[in-house]
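Listed below, chain by chain, are the residues.
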Amino acid sequence: MKKLPQDLSQLVHQSGSLPSLAERAELLLYLDKYVKQLLTGPVSAQLTVANLRQNVLVLETPTSAWAARINFQKAKLLQQLQAEAFPMLTAIEVKVNPALASVATKPKLTHRTLSATAAEHINALAEHTEGSLGQKLKRLAALASRQGSKN
(Lines give C-alpha, C1' and ligand atoms only; values in the text may rest on other atoms or scores of the structure.)
Protein backbone atom coordinates (compact mmCIF):
# COMPACT_ATOMS: atom_id res chain seq x y z
CA MET A 1 0.00 0.00 0.00
CA LYS A 2 1.39 3.38 -1.01
CA LYS A 3 1.41 6.42 1.24
CA LEU A 4 -0.49 9.46 0.15
CA PRO A 5 1.65 12.51 -0.65
CA GLN A 6 1.89 15.02 2.18
CA ASP A 7 1.71 18.76 1.93
CA LEU A 8 5.20 20.29 1.91
CA SER A 9 4.31 22.83 4.61
CA GLN A 10 3.33 19.95 6.92
CA LEU A 11 6.64 18.19 6.30
CA VAL A 12 8.61 21.34 6.97
CA HIS A 13 6.86 22.00 10.28
CA GLN A 14 6.80 18.40 11.58
CA SER A 15 10.15 17.07 12.72
CA GLY A 16 13.91 17.50 12.84
CA SER A 17 15.60 20.85 12.36
CA LEU A 18 13.31 21.94 9.52
CA PRO A 19 10.69 23.59 11.76
CA SER A 20 13.27 25.85 13.36
CA LEU A 21 14.79 26.68 9.95
CA ALA A 22 11.38 27.49 8.50
CA GLU A 23 10.55 29.67 11.50
CA ARG A 24 13.88 31.50 11.19
CA ALA A 25 13.38 32.05 7.46
CA GLU A 26 9.92 33.49 8.09
CA LEU A 27 11.34 35.78 10.79
CA LEU A 28 14.05 37.05 8.43
CA LEU A 29 11.50 37.68 5.67
CA TYR A 30 9.31 39.58 8.10
CA LEU A 31 12.30 41.60 9.33
CA ASP A 32 13.31 42.40 5.75
CA LYS A 33 9.87 43.78 4.92
CA TYR A 34 9.65 45.65 8.22
CA VAL A 35 13.06 47.30 7.88
CA LYS A 36 12.31 48.35 4.30
CA GLN A 37 9.08 49.98 5.49
CA LEU A 38 10.93 51.95 8.16
CA LEU A 39 13.60 53.25 5.78
CA THR A 40 12.54 55.76 3.17
CA GLY A 41 13.83 56.55 -0.28
CA PRO A 42 16.15 54.51 -2.44
CA VAL A 43 18.04 53.15 0.59
CA SER A 44 15.31 50.60 1.25
CA ALA A 45 15.78 49.06 -2.20
CA GLN A 46 19.52 48.70 -1.66
CA LEU A 47 19.55 46.48 1.40
CA THR A 48 18.48 43.05 2.54
CA VAL A 49 18.24 41.55 5.99
CA ALA A 50 20.89 38.84 5.97
CA ASN A 51 20.79 37.46 9.50
CA LEU A 52 19.78 37.94 13.11
CA ARG A 53 22.38 36.47 15.44
CA GLN A 54 22.93 37.08 19.14
CA ASN A 55 20.43 39.98 19.03
CA VAL A 56 22.42 41.73 16.29
CA LEU A 57 20.62 42.47 13.03
CA VAL A 58 22.89 41.98 10.00
CA LEU A 59 22.04 44.01 6.88
CA GLU A 60 23.70 43.55 3.49
CA THR A 61 24.09 46.14 0.76
CA PRO A 62 25.76 45.99 -2.68
CA THR A 63 28.26 48.86 -2.29
CA SER A 64 30.18 50.65 0.42
CA ALA A 65 28.47 53.92 -0.55
CA TRP A 66 25.09 52.43 0.34
CA ALA A 67 26.59 50.94 3.50
CA ALA A 68 27.70 54.43 4.55
CA ARG A 69 24.22 55.83 3.96
CA ILE A 70 22.66 53.03 5.98
CA ASN A 71 25.21 53.52 8.76
CA PHE A 72 24.04 57.13 9.07
CA GLN A 73 20.49 55.91 9.67
CA LYS A 74 21.48 52.94 11.82
CA ALA A 75 20.92 54.52 15.24
CA LYS A 76 17.46 55.78 14.35
CA LEU A 77 16.54 52.43 12.76
CA LEU A 78 17.71 50.49 15.83
CA GLN A 79 15.70 52.77 18.10
CA GLN A 80 12.55 52.31 15.98
CA LEU A 81 12.96 48.54 15.82
CA GLN A 82 13.49 48.31 19.59
CA ALA A 83 10.49 50.50 20.33
CA GLU A 84 8.02 48.96 17.90
CA ALA A 85 8.70 45.27 17.37
CA PHE A 86 12.07 43.90 18.47
CA PRO A 87 13.10 45.10 21.96
CA MET A 88 15.78 42.38 22.19
CA LEU A 89 17.93 43.96 19.43
CA THR A 90 21.22 45.33 20.69
CA ALA A 91 22.93 46.46 17.45
CA ILE A 92 22.76 46.65 13.68
CA GLU A 93 25.70 45.55 11.56
CA VAL A 94 25.98 46.59 7.90
CA LYS A 95 28.01 44.44 5.52
CA VAL A 96 28.89 44.95 1.88
CA ASN A 97 27.99 42.08 -0.44
CA PRO A 98 28.94 42.90 -4.06
CA ALA A 99 26.98 39.88 -5.28
CA LEU A 100 23.78 41.81 -4.56
CA ALA A 101 24.72 44.36 -7.22
CA SER A 102 24.61 41.77 -9.98
CA VAL A 103 21.22 40.52 -8.81
CA ALA A 104 19.77 44.01 -8.51
CA THR A 105 20.66 45.16 -12.02
CA LYS A 106 18.49 43.62 -14.67
CA PRO A 107 19.26 44.16 -18.32
CA LYS A 108 16.89 46.54 -20.03
CA LEU A 109 14.79 45.03 -22.75
CA THR A 110 15.18 46.71 -26.09
CA HIS A 111 11.99 47.05 -28.03
CA ARG A 112 12.68 46.43 -31.64
CA THR A 113 10.78 48.39 -34.22
CA LEU A 114 9.93 47.53 -37.76
CA SER A 115 10.81 50.10 -40.41
CA ALA A 116 8.25 51.31 -42.91
CA THR A 117 10.23 49.76 -45.77
CA ALA A 118 10.28 46.37 -44.07
CA ALA A 119 6.55 46.66 -43.40
CA GLU A 120 5.93 47.32 -47.12
CA HIS A 121 7.95 44.25 -48.09
CA ILE A 122 6.13 42.09 -45.55
CA ASN A 123 2.79 43.43 -46.77
CA ALA A 124 3.73 42.63 -50.38
CA LEU A 125 4.72 39.11 -49.37
CA ALA A 126 1.46 38.70 -47.44
CA GLU A 127 -0.54 39.50 -50.58
CA HIS A 128 1.05 36.53 -52.36
CA THR A 129 0.70 34.16 -49.38
CA GLU A 130 -2.52 32.37 -48.58
CA GLY A 131 -3.93 31.05 -45.33
CA SER A 132 -3.07 31.88 -41.79
CA LEU A 133 0.54 32.80 -42.64
CA GLY A 134 -0.68 35.56 -44.95
CA GLN A 135 -2.96 36.91 -42.23
CA LYS A 136 -0.14 36.89 -39.70
CA LEU A 137 2.18 38.70 -42.09
CA LYS A 138 -0.48 41.38 -42.65
CA ARG A 139 -0.87 41.85 -38.90
CA LEU A 140 2.91 42.18 -38.57
CA ALA A 141 2.99 44.86 -41.26
CA ALA A 142 0.09 46.69 -39.57
CA LEU A 143 2.02 46.62 -36.31
CA ALA A 144 4.84 48.58 -37.96
CA SER A 145 2.42 51.30 -39.06
CA ARG A 146 1.00 51.56 -35.51
CA GLN A 147 4.53 51.87 -34.08
CA GLY A 148 5.31 54.64 -36.54
CA SER A 149 2.25 56.62 -35.48
CA LYS A 150 3.32 56.47 -31.79
CA ASN A 151 6.79 57.93 -32.48
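Above this text is the structure in question.
Residues numbered from 1 in each chain as written. Predicted model: local features only at pLDDT ≥ 70, side-chain atom pairs only at ≥ 80, totals over all residues. Heavy atoms only, no water.

**Student:** Mind showing me how you'd approach the overall build of the chain here?
**Tutor:** When you go through the chain residue by residue, the secondary structure sums to six helices and three strands. Mapped from its N terminus to its C terminus, the chain presents α and β elements in the order α-α-β-β-α-β-α-α-α. Intrachain contacts of the chain at a sequence separation of at least 6 include 51% that bridge at least 24 residues. For the chain, the computed accessible surface area is about 11,300 Å², with 57% contributed by carbon and sulfur atoms. (Helix = DSSP H or I, 4+ residues; strand = E, 2+ residues; numbered from the N terminus. Contact = heavy atoms within 4.5 Å. Areas by Shrake-Rupley, 256 points an atom, 1.4 Å probe, with all protein chains shown as cover.)

**Student:** Would you mind showing me how to read the sheet that holds strand β3 (residues 91-96) here?
**Tutor:** Adjacent strands of a sheet form backbone hydrogen bonds with each other and so pair up, either parallel or antiparallel. Overall, mixed pairing links the three strands, which are arranged β1-β2-β3 in an open sheet. Strand pairing shows two members of the sheet lacking a second neighbour, β1 (48-53) and β3, which therefore form its edges. Neighbouring strand axes in the sheet, compared pairwise and without regard to direction, differ in orientation by 25° on average. Examined bridge by bridge, β1 and strand β2 (residues 56-61) share five bridges and lie antiparallel to one another. Considered in β2, the bridge of Arg-53 is made with Val-56. Contacts between helix α2 (residues 18-38) and the sheet are confined to β1 and β2, with β1 contributing the most and set at about 130° to the helix. The sheet strands contacting helix α3 (residues 64-84) are β2 and β3, and the helix crosses β3 at an angle near 165°. (Pairing = 2+ DSSP bridges. Axes fitted to C-alpha atoms, helices over the stretch in contact; angles between N-to-C directions.)

**Student:** Sorry, what's going on with the environment of Asn-55 here?
**Tutor:** Mapped onto the fold, Asn-55 is located in the loop between β1 and β2. Each C-alpha atom, one on Asn-55 and one on Ala-91, is 7.1 Å from the other, the two residues being 36 residues apart in sequence. Once you skip the residues sitting within four places of it in the chain, Asn-55 turns out to touch Met-88, Leu-89, Thr-90 and Ala-91.

**Student:** I tried to follow the side chain of Asp-32 on my own but got confused; where do I start?
**Tutor:** Among the structural elements, Asp-32 can be located in helix α2. In this structure, Asp-32 is in contact with Leu-47, Thr-48 and Val-49, ignoring residues within four places of it in sequence.

**Student:** How do you make sense of the packing of α2 against α3 when you look at a structure like this?
**Tutor:** To describe two helices that pack against each other, one gives the angle between their axes and the distance between the axes. Remark: α2 packs on α3, axes separated minimally by 11 Å, with the N-to-C direction vectors making an angle of 120°. It follows that α2 is oblique to α3 by the angle criterion. The chirality of how α2 crosses α3 is right-handed. Across from Tyr-34, Val-35 and Leu-38 in α2, the residues of α3 making contact are Leu-77, Gln-80, Leu-81 and Glu-84. A breakdown of the residues in the contact of α2 with α3 according to their chemical character gives five nonpolar, one polar and one charged. (Parallel < 35°, antiparallel > 145°, perpendicular 65-115°, else oblique. Left-handed = near helix turned anticlockwise from the far one by under 90°. Nonpolar A, V, L, I, M, F, W, Y, C, P; charged D, E, K, R; others polar.)

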